[in-house]
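# Structural overview for review
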Amino acid sequence: TTPSPGPARAATAPGVTEVRGLRTDTAANEVLATPIGDGTFAIVTRASLRGSNSSTIDVRLPSGRRSIGSIVTASDDAVVVALATVEAGHPVAERRPGDDEMVTVMADPPVDVRYRDVDTLTVEEGTAVIDDDGHLVGICSRSNSDKMRFIEVNPELDAATSVVP
């Protein structure tokens, strides 16, 4: 028999830690989306849209449900989409955590790490990072490389959801 990969490990020191148990049932064209606010909008990474020139995308929500997302606005690294399927969202954090504060990376299973160590994990593109109040701090991205990069959610992106009819 093949040994079990074991439980997920938290990153407590610099280096790369792979989070085990990532969902692998994602269709090639689906994008992981993190609902924000009342759940009618979500954040995805710009990198996850590479090769797409459509104004709508297929998204997978944290619950595993699928939806259509209509692109509303974007920054250099993140994109806000309006969801066809509403799912409970996270409020966007008003402040950046301190480097030594603990955050939760919403991998499968979730992993608690120091804020400064988020980019040492290997997780799925678009994985959310939540502070201890349950607010969205950012999302993880590989962008154009294999190295994980953390994208802080820009408060202006969240504000854009309040002006969309």
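For the structure, see preceding data.
Now for a look at the structure at hand.

Scoring rules and cut-offs
Residues numbered from 1 in each chain as written. Predicted model: local features only at pLDDT ≥ 70, side-chain atom pairs only at ≥ 80, totals over all residues. Heavy atoms only, no water. Pairing = 2+ DSSP bridges. Helix = DSSP H or I, 4+ residues; strand = E, 2+ residues; numbered from the N terminus. Phe/Tyr/Trp six-rings, centres within 6.5 Å; stacked < 30°, edge-to-face > 60°. Buried < 20%, exposed > 50% of the residue type's maximum accessible area, 1.4 Å probe, protein only. Contact = heavy atoms within 4.5 Å. Polar contact = N/O pair within 3.5 Å; in protein donor to acceptor, adjacent residues only side chain to side chain.

As defined by bridge partners, strand S5 (residues 56-60) adjoins strand S6 (residues 66-74) across 5 bridges and the pair is classed as antiparallel. What sits directly across from Asp-58, in S6, is Ile-68. Between the antiparallel neighbours S5 and S6 lie 5 residues, among them Gly-64 with a positive phi of about 100°. Relative to strand S7 (residues 78-83), S6 runs antiparallel, the two sharing 5 bridges. Among the inter-strand pairings, Thr-73 is bridged to a residue of S7, identified as Val-80. Counting the residues in the hairpin turn of S6 and S7 gives 3 residues.

Here a ring pair, both rings aromatic, is described through the centre-centre distance and the interplanar angle of the planes. Taken as a whole, this structure holds 1 aromatic pair when the rule is applied. On the basis of an interplanar angle of 85° and a centroid distance of 5.4 Å, the ring pair of Tyr-115 and Phe-150 is categorised as edge-to-face. Here the residue Tyr-115 occupies a position in the loop between strand S9 (111-114) and strand S10 (121-122), and Phe-150 occupies one in strand S13 (residues 149-152), the gap between them amounting to 35 residues. Each member of the pair, Tyr-115 together with Phe-150, is buried.

Tracing the sequence through the fold places Asp-100 in the loop between S7 and strand S8 (102-105). Considered as a pair, Asp-100 and Tyr-115 are 15 residues apart in the sequence and their alpha carbons are 6.1 Å apart. Residue contacts for Asp-100: discarding those within four places in its chain leaves Arg-114 and Arg-116. Of the polar contacts made by the side chain of Asp-100, one reaches the side chain of Arg-116; its length is 2.4 Å.

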